[in-house]
Amino acid sequence: QVQLVESGGGLVQAGGSLRLSCAASGGTFSTYAMAWFRQAPGKEREFVAGVSRSGGPTVYADSVKGRFTISRDNAKNTVYLQMNSLKPEDTAVYYCAGSLSGASTYFLRLSRQYPYWGQGTQVTVSS
């Protein structure tokens, strides 16, 4: 099964940018639909963005649409989340997740649909 390791989190001022990476190992990366979730203190984990196996179809939460971009490089076994125009409300631990489900990326928005998870990386946006 796949193991996932996130990196790239940190502290940034509002309006700034960060790029998160998630490196996969131990599985055939191109067979996994991938997603980013986040969890803020005291809140439930929420879907941020998802990408299909090929890297083609993507889907975003309304709260990040137009500011965040998910992408993947199957040759490097890595999925990315480019985050621009960051806001203090984007502060959270960000997790990447993988699923072998054959469902369309559009429908893979629930954490329970993803069996494989990284350890998370903290993103803090100061005002």
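Read on for a plain summary of the structure. A quick note: this is a predicted structure, and the numbers were derived from the prediction, not measured.

What about the environment of Ala61?
- Looking at where Ala61 falls in the secondary structure, it is placed in the loop between strand S6 (58-60) and strand S7 (68-73).
- C-alpha of Ala61 to C-alpha of Ala49: the two residues are 12 residues apart in sequence and 6.2 Å apart in space.
- Those residues within four positions of Ala61 in sequence are excluded, and the remaining contacts are Phe47 and Val48.

A word on the state of the cysteines
- Inspection of every chain in the model, using the stated rule, returns one disulfide.
- One disulfide bridge connects Cys22 with Cys96, the sulfur atoms lying 1.9 Å from each other. Between Cys22 and Cys96 the disulfide shows an S-S torsion of about 45°. By sign, it is right-handed. With Cys22 in strand S3 (residues 18-25) and Cys96 in strand S9 (residues 92-99), the pair connects residues that are 74 residues apart, well separated along the chain. By the burial criterion, Cys22 is buried, and Cys96 matches it.

Each value, and the rule that gives it
- Along each chain, residue indices are assigned from 1 in the same order as the chain's sequence is written.
- Local features in this predicted model are restricted to residues whose pLDDT is 70 or higher, and side-chain atom pairs enter the listing and the counts only when it is 80 or higher, whereas totals over whole chains, interfaces and linings include all residues.
- Side-chain numbers come from the whole structure's heavy atoms, not from hydrogens or water.
- Helix numbers and strand numbers start at the N terminus; a helix is a DSSP run of H or I with at least 4 residues, a strand a run of E with at least 2.
- Note on definitions: a residue-residue contact is assigned when non-hydrogen atoms from the two residues lie within 4.5 Å.
- The criterion for a disulfide is a pair of cysteine sulfur atoms lying within 2.5 Å.
- Throughout this description, buried means an accessible area under 20% of the type-specific maximum (1.4 Å probe, protein chains only), exposed means over 50%, and partly exposed covers the range between.

That's the geometry; what it means functionally is another story.
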